[in-house]
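# Overview (structure and organization)
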Amino acid sequence: MNVVDRLIEEHVLRTAEYVELLKLADNQDVVAQLADEAVRLRKKNYGNKVFTRGLIEFTNYCKNNCYYCGIRRGNQHARRYRLTKDEILACCVNGYELGFRTFVLQGGEDPFYTDEKMVDIIGTIKKKYPDCALTLSIGEKSYESYKAYKEAGADRFLLRHETATEEHYRMLHPVEMSLDNRKKCLYELKELGYQVGAGFMVGSPGQTIDNLAEDLMFLQKLKPQMVGIGPFIPHHETQFAAEPAGSVDMTLYLLSIIRIMLPHVLLPATTALGTLDPKGRERGLSVGANVVMPNLSPVKNRKQYELYDNKICTGEEAAECRGCLGNRVASVGYELVNERGDYVESL
Ligand code: SF4
C-alpha cells in the first residue's frame, strides 16, 4: 500500500513515510485526494459546523525572547500593553452578545499576571459564563499553576510546540528555553484533563521536510485535541526579517494530513493563513479545518499584538469580524455556529 492510502486507511505513519508524503506536496492528484478525505472526515465528525473562538489578547509583555516573535522581550520598539480584569470582562460581554461560546485568553509569558490574578480572572469569567468554554494560551508554567487554572475552571490550553526537533528548536529559541520542557508541559496539560492544542509554523527559518515529519510524529504521539498551524510570517523587528514567508499551499496540505491523522481534531483556519492569502481561511476550511478565531481584543490594542507583520483584522470591531467571518464561512458551504465546540471522540 502506498503512503497516501496507508494514511487514509490507518491514520498512522512512520517518520520516513511522512517524509515521503510531504515530498508529494506538489502532486495535485495527491493534494486533492487528501483534501477530499479530510473534508469527508470533518463532515462525518462535525457536519457543516465551523466553531468560533473569541480571542482576547490580554498582554503583549513577554519574558521570553523567541527569535521569530514580534513581541519577544528583546524588541525595544514594541509598544506594550496589559488589559485590566475589567477590560477583559468587557471583551467577554461583547463576545457573548455576538454569540461566542469560547473565549481564549492569549498573551505573552507575563509574570505580572500571577497565578492568583489568573485564577481570579478565570473564576470570574466561568462564573459569569458557565455555558462558555475558556481556553488559555499563556505559555509554559509549572504543573501546579496549570492545576490551579484547571481547578478555577479553565477548559482548554493552547501551547504550540513550534518544532519537535531539538536542532531546529535551537535555531528559533535562545539557550535558556527548552524543547523538552515545552513537550513536558503539553503532556502535563493532557494529564490534568485540559483539551490541549499543539502546533507549529510552516516554513519557519531553517525548517526541513524532516523537521515537519518529526512534527507530525509528535502530534501522532501526543494526540492533542486541537492543532494550530499557520505559515511562518517574518516580523520586521526580528533577526528573521528578511526570511521568506512559509508556503500557503504546504500549510493547506498539512491541514489535510492532520485532519486525517486526527479525525476529530479541532483545527483552525488561522489568521496567518488569511494574512498571506486573502482567501486563506476559506481555503483552510475547504481542506479540513473547522475552527476560526476572530479577535475580541479592544481595537485600540490590536495592532500592538504583532507577532508577525501585516496581521489582518486589526482595525475592525468584534461585530464586524464576526459578520465578515460568517460570510466567509458561508461562501465555502459551511455554517458559523454559536456553540462551545468541544472536542468529541465520537459523535
Ligand atoms: S512566541 Fe510566545 S513565548 Fe515566544 S516571545 Fe513570542 S509571545 Fe513570548
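My aim in this report is to walk through the structure given alongside it, one point at a time. (Residues numbered from 1 in each chain as written. Predicted model: local features only at pLDDT ≥ 70, side-chain atom pairs only at ≥ 80, totals over all residues. Heavy atoms only, no water.)

Our next topic: the environment of Gly323. With respect to the helices and strands, Gly323 occurs in helix α14 (residues 318-331). Taking the relative accessible area as the measure of exposure, Gly323 reaches 35% and is therefore partly exposed. Along the chain, Gly323 and Leu336 lie 13 residues apart, while their C-alpha atoms are 9.9 Å from each other. (Helix = DSSP H or I, 4+ residues; strand = E, 2+ residues; numbered from the N terminus. Buried < 20%, exposed > 50% of the residue type's maximum accessible area, 1.4 Å probe, protein only.)

Read from one edge to the other, the open sheet built from 3 strands follows the order β8-β1-β9, with strand pairing classed as parallel. Two strands bound the open sheet, and with one partner strand each, they are β8 (291-292) and β9 (335-337). As paired elements, strand β1 (residues 49-52) and β8 share 2 bridges and run parallel to each other. Among the inter-strand pairings, Thr52 is bridged to a residue of β8, identified as Val292. (Pairing = 2+ DSSP bridges.)

This brings us to the site of the ligand. Every residue near the ligand is listed here: Cys62, Asn64, Cys66, Tyr68, Cys69, Ile71, Arg72 and Gly108. Its residues assigned to classes, the shell around the ligand comprises 5 nonpolar, 2 polar and 1 charged. (Near = heavy atom within 4 Å. Nonpolar A, V, L, I, M, F, W, Y, C, P; charged D, E, K, R; others polar.)

Turning next to the environment of Val104. Along the chain, Val104 turns up in strand β3 (residues 102-107). For the pair Val104 and Leu267, spaced 163 residues apart in the sequence, the C-alpha separation amounts to 15 Å. Not counting the four nearest positions on each side in its chain, Val104 is found in contact with Arg53, Gly54, Leu55, Ile56, Thr135, Ser137, Leu158 and Met293. (Contact = heavy atoms within 4.5 Å.)

With 89 residues, the main nonpolar core has Leu21, Leu34, Phe103, Leu105, Ile125, Ile257 and Ile258 as its most contacted residues. The element contributing the most residues to this core is helix α10 (residues 248-261), with 10 residues. Residues within four places of Ile258 in sequence aside, it is in contact with Phe200, Leu216, Leu219, Val227, Ile229, Val265 and Leu267. (Core = buried A, V, L, I, M, F, W, Y, C linked by side-chain atoms within 4.5 Å.)

Bringing the pairing of strand β7 (residues 226-231) into the picture now. In terms of residue burial, β7 counts as a mostly covered element, since 6 of its 6 residues are buried. The alternating pattern of β7 places Met226, Gly228 and Gly230 on one face and Val227, Ile229 and Pro231 on the opposite face, and all of these are buried. Inspection of the sheet shows strand β6 (residues 195-202) paired to β7 by 6 bridges, in the parallel sense. Each bridged residue has a counterpart across the sheet, and for Phe200 the counterpart in β7 is Ile229. Crossover β6 to β7 through helix α9 (residues 209-222) is right-handed. (Right-handed = clockwise from strand over helix to strand, strands pointing away.)

Next up on the list: the packing of helix α5 (residues 115-128) against helix α6 (residues 143-152). The relative placement of two packed helices comes down to the angle between their axes together with the axis-to-axis distance. Interaxial distance between α5 and α6 falls to 8 Å at its minimum, and their mutual angle equals 20 degrees. Judged by the angle between their axes, α5 and α6 are roughly parallel. Where α5 crosses over α6, the handedness of that crossing is right-handed. Residues Asp115, Met118, Val119, Ile122, Gly123 and Lys126 of α5 form the contact with α6, whose own contacting residues are Ser145, Ala148, Tyr149 and Ala152. For the contact of α5 with α6, the per-class residue count stands at 6 nonpolar, 2 polar and 2 charged. (Axes fitted to C-alpha atoms, helices over the stretch in contact; angles between N-to-C directions. Parallel < 35°, antiparallel > 145°, perpendicular 65-115°, else oblique. Left-handed = near helix turned anticlockwise from the far one by under 90°.)

With that settled, the discussion passes to the sheet that holds strand β2 (residues 54-59). Strand order in this open sheet of 6 strands is β2-β3-β4-β5-β6-β7, and the pairing throughout is parallel. Every other strand in the sheet has two partners, leaving β2 and β7 as the edge strands with one partner each. If you compare each strand with its neighbour and ignore which way they point, the axes differ by 20 degrees on average. Across 5 bridges, β3 lies against strand β4 (residues 133-137) in parallel orientation. Its bridge partner being in β4, Gln106 is matched across the sheet by Ser137.

If charged atoms from side chains of opposite charge come close, those side chains can pair. In the structure shown here, the tally under the stated rule is 23 salt bridges. Between Glu109 and Lys63 there is a salt bridge, with its nearest N and O atoms 3.3 Å apart. On the criterion of sequence distance, the pair formed by Glu109 in the loop between β3 and α5 and Lys63 in the loop between β2 and α4 (85-97) is long-range, its members being 46 residues apart. We classify Glu109 as buried; its relative accessible area is 7%. Residue classification places Lys63 among the partly exposed positions, given a relative accessible area of 45%. With its nearest N and O atoms 2.6 Å apart, the salt bridge here joins Asp277 to Arg283. Classification of Arg283 as partly exposed rests on a relative accessible area of 33%. One salt-bridge network, held together by shared partners, links Lys126, Asp155, Arg156, Arg340 and Asp342. (Salt bridge = Lys/Arg side-chain N within 4 Å of Asp/Glu carboxyl O.)

So, on to α9. Helix length check: α9 (14 residues) gives 20 Å between terminal C-alpha atoms against 20 Å at 1.5 Å per residue, within 8%. Looking at α9, one finds that the buried residues are Asn211, Leu212, Ala213, Asp215, Leu216, Phe218, Leu219, Gln220 and Leu222. Looking at the packing, one finds that the buried side of α9 touches α2 (15-22), α7 (166-172), α8 (179-191), β6, β7 and α10. Of the residues one or two after α9, Lys223 is the one with positive phi, at around 50 degrees. (Expected span 1.5 Å × (residues − 1).)

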